[in-house]
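Structure at a glance
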Amino acid sequence: MDETKKREKRFFLKLFSYAVLFFAFAFFFLLFPKEIASSVEGGIELCLKVVVPSLFPFMVLSSAFSQSELCEKLGCLFKRPIKFFFSLGSSCFSPVLISLFGGYPTAVFCAGRLFEKGLISRKDFQKTLLFCINPSPSFAIGAVGAMLLGSKKDGVLIFFSVLFSSLLLGIFSKFVKTESGDDEREKSRFFPSFPPFSKLLVDSIAQSGQSILFICFSVLFFSSALAVTDKIFPSEKAALFFGALFEVTNGVKRCCGILPTEIIAGIVAFSGLCTHFQVMNEVSLSGLKVSVFMTFRLLHGALSTVVCSLLFKIFPRETAVFSHQAQSVSLSCASSLPFSLCLCAMCVLLMLGNNFVISKKRESG
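This report concerns the structure included in the present document. All values reported here derive from a predicted model rather than from experimental measurement. (Residues numbered from 1 in each chain as written. Predicted model: local features only at pLDDT ≥ 70, side-chain atom pairs only at ≥ 80, totals over all residues. Heavy atoms only, no water.)

**So, the overall build of the chain**
As a reminder, the rule being used: In this text, helices come from DSSP runs of H or I with a minimum length of four residues, and strands from runs of E with a minimum of two, each type numbered from the N-terminal end. Three exposure classes are used, based on accessible area relative to the maximum for each residue type with a 1.4 Å probe and protein chains only: buried under 20%, partly exposed in between, and exposed over 50%. Contacts between residues were defined by any pair of non-hydrogen atoms, one from each residue, lying within 4.5 Å. What sets the accessible areas is the Shrake-Rupley method with a 1.4 Å probe; for residues, cover comes only from the shown protein chains.
Regarding its fold elements, the chain presents 17 helices and zero strands. Counting every position in the chain, which comprises 365 residues, the buried fraction comes to 48%. Contacts spanning at least 24 positions in sequence make up 80% of the contacts within the chain whose residues lie at least 6 apart. Split by element, the accessible area of the chain, about 19000 Å² in all, is 69% carbon and sulfur.

Set out below in structure tokens:
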């Protein structure tokens with residue numbers, strides 16, 4: 001009886017929180033219509049100039065690759081390294097490889113399709129969600145480095161620091177406890193047939209088109225939310241914080257010239273709530289705890305900041321980064337809060353350690 005009351009209490013508490021969120025969003029969206037309209041317009045421009053060019057081609061390529069015979073052969077070829085470093089099956093080779101060049105949600109979408117087809121186990125699906133979220137080279141090097149920071153070299157160092165940190169997290173994920181046993185799906189791992197290249201390309205374009213639309217609409221929504229926070233918290237520090245928290249492109253754009261490049265690398269690795277919400281369906285499908293997922297996103301940002309700092313010591317910059325802002329913040333002042341957050345994330349990981357337990361499959365109705 002007590003358990004029933006607890007469930008009812010949790011249900012009504014969740015219902016109340018949903019109602020508060022809905023009314024709060026509706027209230028602020030009606031309160032600031034001009035600002036939100038302007039923000040959505042900027043979000044559309046952002047999608048057309050940055051998001052779609054940097055993601056769509058890689059999404060089509062990765063989708064076609066993951067369904068091709070070449071992917072299966074390479075997976076068998078690299079079966080032992082994938083198993084040794086990440087404790088993953090050979091069919092996880094495609095999402096791991098795609099995470100290195102495909103763009104933030106692409107590898108996760110690929111892993112989700114493989115799981116739904118029964119080609120990877122739930123355990124492997126969960127582990128890929130912990131580290132297979134990285135920017136594409138065109139975004140990190142082209143958009144962040146060349147366009148925003150004014151230095152392709154900085155973009156390259158940011159890109160490799162994020163990738164290296166991701167691989168370190170992948171190795172560490174071997175020691176994260178997952179649900180006991182593997183799915184029956186893993187036993188049915190096979191490719192019944194390979195479609196011809198023409199059909200493969202058409203299907204990949206269709207799937208990628210749906211995915212890129214979802215990503216763009218997510219960017220527009222979080223751009224609207226960012227406009228609301230700008231009105232409620234009209235300060236430069238709040239603008240930097242919410243920009244980095246909500247959406248990675250806007251966050252990097254706001255922080256360039258104000259925060260050190262090492263912190264920019266951490267923001268790029270963290271990827272923002274917009275990206276996290278894009279893959280939340282896959283997180284729910286896998287049974288992974290949201291708290292575990294978010295902890296690894298924070299750790300990715302922290303590690304990338306540290307690795308990028310080391311890379312800049314090995315490959316020092318010749319000139320300072322060009323600033324688009326009227327006033328810059330010194331390194332010590334700008335980095336104190338982010339580095340404190342990074343330290344807190346590391347402490348969380350140390351305390352949780354082997355006690356990370358990934359939630360089991362939700363009970364059937």
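**Topic: the packing of aromatic side chains**
Worth spelling out the cut-off: For this analysis, a ring pair means two rings from Phe, Tyr or Trp (six-membered ring only for Trp) whose centres lie within 6.5 Å, classed as stacked if their planes differ by under 30 degrees, edge-to-face if by over 60, and tilted for the remaining angles. When the NZ atom of lysine or the CZ atom of arginine is within 6 Å of a ring's centre and also within 35 degrees of its normal, the charge is said to sit over that ring.
Per the stated rule, a full pass over the model turns up 17 aromatic pairs. Measuring from centroid to centroid gives 5.0 Å for F115 and F125, while their planes differ by 25°, and the two rings are stacked. Here F115 is found in helix 6 (residues 106–116), whereas its partner F125 is found in helix 7 (residues 122–131), with 10 residues between them in sequence. Across the pair, exposure class does not vary: F115 and F125 are buried alike. Here the aromatic rings of F159 and F160 are separated by 5.5 Å at their centres, their planes lie at 70°, and the arrangement is edge-to-face. Counting every residue linked through ring pairs, the aromatic cluster contains F29, F221, F222, F233, F241, F242, F246 and F277. The ring of F84 has K174 sitting right over it, with the charged end atom 5.3 Å from the ring centre.

**What to know about the pattern of salt bridges**
Using the following cut-off: Criterion for a salt bridge: a side-chain nitrogen of Lys or Arg within 4 Å of a carboxyl oxygen of Asp or Glu.
Tallying each qualifying case throughout the model produces three salt bridges. One salt bridge connects K231 with E35, and the closest N-O pair in it is separated by 3.5 Å. Here E35 lies in helix 2 (residues 33–66) and K231 lies in helix 10 (residues 197–232), a separation of 196 residues in the sequence.

**Quick look at the packing of helix 8 (residues 137–149) against helix 12 (residues 248–255)**
Helices that pack against each other are described as a pair by the angle of their axes relative to one another and the distance between those axes. As a reminder of what qualifies: Lines fitted to C-alpha atoms define the axes here, with helix axes fitted over just the stretch in contact, and angles between the N-to-C directions of these axes take values from 0 to 180 degrees. Throughout, the term roughly parallel applies to angles under 35 degrees, roughly antiparallel to angles over 145, roughly perpendicular to angles from 65 to 115, and oblique to all others. Whether a crossing is left-handed or right-handed is set by the direction in which the near helix is turned from the far one by less than a right angle, anticlockwise for left-handed and clockwise for right-handed.
Between helix 8 and helix 12, whose axes approach to 10 Å, the crossing angle comes to 30°. Of the possible angle classes, the one that applies to helix 8 and helix 12 is roughly parallel. Once helix 8 is placed against helix 12, the crossing between them reads as right-handed. Seen from helix 8, the contacting residues are F139, V144 and L148; seen from helix 12, they are V248, T249, V252 and K253.

**With respect to helix 6**
For helix 6, the buried fraction is high: nine of the 11 residues fall into the buried class. Residues of helix 6 that are buried include every one of T106, A107, V108, F109, C110, A111, G112, L114 and F115, and no others. On its buried face, helix 6 is in contact with helix 2, helix 5 (93–98), helix 7, helix 10, helix 14 (272–278) and helix 15 (280–286).

**Things to note about the packing of helix 8 against helix 9 (residues 152–172)**
Counted only if it meets this: Ten residues, namely Ala, Val, Leu, Ile, Met, Phe, Trp, Tyr, Cys and Pro, are considered nonpolar, four, namely Asp, Glu, Lys and Arg, are considered charged, and the remaining ones, Gly among them, are considered polar.
Closest axis-to-axis distance for the helix 8/helix 9 pair is 7 Å, and the angle between their directions is 145°. When you trace helix 8 past helix 9, the crossing you get is right-handed. Residues P137, A140, I141, V144, G145, A146 and L149 of helix 8 form the contact with helix 9, whose participating residues are K152, D154, G155, V156, I158 and F159. For the contact of helix 8 with helix 9, the per-class residue count stands at nine nonpolar, two polar and two charged.

**Let's talk about the environment of S224**
The topology assignment puts S224 in helix 10. Distance in space between the C-alpha atoms of S224 and F25 is 10.0 Å, their sequence separation being 199 residues.

**So, a nonpolar patch on the surface**
Convention followed: Each patch is built from salt-bridge-free residues with over 30% relative accessible area, joining like charges within 9 Å and nonpolar side chains (Val, Leu, Ile, Met, Phe, Trp, Tyr) within 5 Å.
On the surface, Y18, L21, F22, F25 and F221 cluster together into a nonpolar patch covering about 520 Å² of accessible area. Ranked by residues supplied to the nonpolar patch, first place goes to helix 1 (residues 2–31) with four residues. In this structure, F25 sits in helix 1.

**A short note on the side chain of Q126**
The criterion, for reference: Polar contacts, as used here, are pairs of N or O atoms within 3.5 Å; protein pairs need one atom able to donate a hydrogen and one able to accept it. Residues neighboring in sequence count only if both atoms are side-chain atoms.
Assignment of secondary structure puts Q126 in helix 7. For Q126, the side chain forms a polar contact with the main-chain oxygen of S286, separated by 2.9 Å.

**Quick look at unusual backbone geometry**
Across the chain, the bulk of peptide bonds are trans and the bulk of non-glycine residues have phi less than zero. Not every positive phi belongs to a glycine, and S87 is a case in point at roughly 55°. Tracing the backbone through its elements, the reader meets S87 in the loop between helix 4 (79–86) and helix 5. Of note, the phi angle at S271 is positive, near 80°, even though the residue is not glycine. Examined against the element boundaries, S271 turns out to sit in the loop between helix 13 (261–270) and helix 14.

**So, the nonpolar core**
Formally: For the purposes of this section, nonpolar cores are sets of buried Ala, Val, Leu, Ile, Met, Phe, Trp, Tyr and Cys residues that join through side-chain atoms within 4.5 Å.
Core analysis: the largest hydrophobic core is formed by 79 residues, its most contacted members being V144, I158, V252 and V268. Counting residues per element, this core draws most heavily on helix 16 (residues 290–314), at nine residues. Excluding its chain neighbours within four sequence positions, the residues that come into contact with I158 are V144, L149, T261, I264, A265, V268 and C308.

**Structural notes on the side chain of S271**
What makes S271 buried here is its relative accessible area of 0%. Setting aside its immediate chain neighbours within four residues, S271 contacts Y104, I133, V248, H276 and R297.

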